[in-house]
Amino acid sequence: MKEWTDSLSVTSKVRRVGWVGLICNLLLAAAKAAAGIIGHSQAVLADALHSLTDSVTDIAVILGVKFWTAPADEDHPHGHGRVETLVTVFIGLAVGAVAVGMGVEAIRGLKHEPEVAPSGIALIVSLLSMVVKEALYRWSARVGREVGSPALEANAWHHRSDAISSIP
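Everything quoted here is computed from the prediction, not taken from an experiment.

1. Some words on the pattern of salt bridges
Here's step 1: For the structure shown, the criterion picks out 7 salt bridges.
Here's step 2: For the salt bridge of E146 with R142, the shortest nitrogen-to-oxygen distance reads 3.6 Å. Of the two residues, E146 and R142 both sit in helix α4 (residues 120–147), 4 residues apart, roughly one turn of that helix.
Here's step 3: We classify R142 as partly exposed; its relative accessible area is 43%.
Here's step 4: Here the residues in one salt-bridge network are K13, R142 and E146, joined through shared partners.

As structure tokens, this is what we get:
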């Protein structure tokens, strides 16, 4: 991990990525909810809830970077880097929970035929979500590597898993 020699720069870069991810997740959640309702797609509606919950990991990054980049003090002579480890573990657990949830929903979906066939808007919003989430993955991963932030890289992989889960 890089030394946090330029904490203000690192903090601002990580926060920028976190805020953009948060805003995108909230906008995607709203778009998916509307498309799920209008397009009669339970899958897209469930994906809307998933996008809304994804905001939690973005908030963890936004709030966490303030703590893990804090300089060493009397109580923490080696710094606060372990906070980033906790945020990274939290994001990993969130991605694991999403994977389990996707598996459960897939199994449930096999048991029931949809009452109404989903319309094209559900497909369009799902494809848009894939593009946005893949772009967020690439940007978050690049910045995460650039600043040496495992938490940001973990959140990038969360974006990638969301892109995959949005495949219609």
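2. Topic: the nonpolar core
Here's step 1: Judged by nonpolar contacts, the single largest core of 14 residues is most densely connected at V14, V61, W68, V87 and L152.
Here's step 2: At the level of secondary structure, the elements contributing two or more residues to this core comprise α1 (7–38), α2 (42–68), α3 (82–111), α4 and α5 (150–165).
Here's step 3: The leading source of residues in this core is α2, at 4 residues.
Here's step 4: Residues within four places of V61 in sequence aside, it is in contact with V14, W68, V87, I91, A151, L152 and N155.

3. So, the confidence of the model for the chain
Caution applies to low-pLDDT parts of the model: their predicted coordinates are not meant to be read in detail.
Here's step 1: Looking at the chain as a whole, the pLDDT averages 80, with 81% of positions reaching at least 70.
Here's step 2: Across the chain, the element-wise mean pLDDT spans from 73 in α3 up to 93 in α4.
Here's step 3: Predicted confidence is poor over residues 1–5, with pLDDT under 50, and the contacts of this stretch with residues over four places away or in other chains come to 13 contacts.

4. Comments concerning the packing of aromatic side chains
Here's step 1: Summed over the entire model, instances satisfying the criterion amount to 1 aromatic pair.
Here's step 2: A cation sits over an aromatic face here: R160 above Y137, 3.8 Å from the ring centre.

5. Let's talk about a nonpolar patch on the surface
Here's step 1: On the surface, a nonpolar cluster with roughly 330 Å² of combined accessible area is contributed by W19, I23 and L27.
Here's step 2: Of note, I23 is situated in helix α1.
Here's step 3: Look at I23 and you get partly exposed, because its relative accessible area is 45%.

6. Considerations on the side chain of S55
Here's step 1: Looking at the secondary structure, you find S55 in helix α2.
Here's step 2: Within the local environment of S55, its side chain forms a polar contact with the backbone oxygen of L52, the two atoms lying 3.1 Å apart.
Here's step 3: Residues in contact with S55, not counting those within four places in the same chain, are L22, N25 and L26.

7. Regarding the environment of G96
Here's step 1: By the element assignment, G96 lies in helix α3.
Here's step 2: Given a relative accessible area of 33%, G96 falls into the partly exposed group.
Here's step 3: As a C-alpha pair, G96 and H158 span 62 residues in sequence and 9.6 Å in three-dimensional space.

8. Observations concerning the packing of α4 against α5
Each pair of packed helices gets described by two things: the angle between the helix axes and the distance between those axes.
Here's step 1: Across the interface, α4 lies against α5 with an axial gap of 8 Å and an inter-helix angle of 165°. Taken together, α4 and α5 sit at an angle that is classed as roughly antiparallel. Along this stretch, α4 crosses α5, giving a crossing that reads as left-handed. For the pair α4 and α5, the contacting residues are M130, K133, E134, L136, Y137, S140, A141, V143, G144 and R145 in the first and L152, E153, A156, W157, H159, R160, D162 and A163 in the second.
Here's step 2: A class-by-class count of the residues in the contact of α4 with α5 yields 9 nonpolar, 3 polar and 6 charged.

Rules and cut-offs
- Residues numbered from 1 in each chain as written.
- Predicted model: local features only at pLDDT ≥ 70, side-chain atom pairs only at ≥ 80, totals over all residues.
- Heavy atoms only, no water.
- Salt bridge = Lys/Arg side-chain N within 4 Å of Asp/Glu carboxyl O.
- Helix = DSSP H or I, 4+ residues; strand = E, 2+ residues; numbered from the N terminus.
- Buried < 20%, exposed > 50% of the residue type's maximum accessible area, 1.4 Å probe, protein only.
- Core = buried A, V, L, I, M, F, W, Y, C linked by side-chain atoms within 4.5 Å.
- Contact = heavy atoms within 4.5 Å.
- pLDDT = per-residue confidence, 0-100.
- Phe/Tyr/Trp six-rings, centres within 6.5 Å; stacked < 30°, edge-to-face > 60°.
- Lys NZ or Arg CZ within 6 Å of the ring centre and 35° of its normal.
- Patch = residues over 30% accessible without salt bridge, like charges linked within 9 Å, V, L, I, M, F, W, Y side chains within 5 Å.
- Areas by Shrake-Rupley, 256 points an atom, 1.4 Å probe, with all protein chains shown as cover.
- Polar contact = N/O pair within 3.5 Å; in protein donor to acceptor, adjacent residues only side chain to side chain.
- Axes fitted to C-alpha atoms, helices over the stretch in contact; angles between N-to-C directions.
- Parallel < 35°, antiparallel > 145°, perpendicular 65-115°, else oblique.
- Left-handed = near helix turned anticlockwise from the far one by under 90°.
- Nonpolar A, V, L, I, M, F, W, Y, C, P; charged D, E, K, R; others polar.

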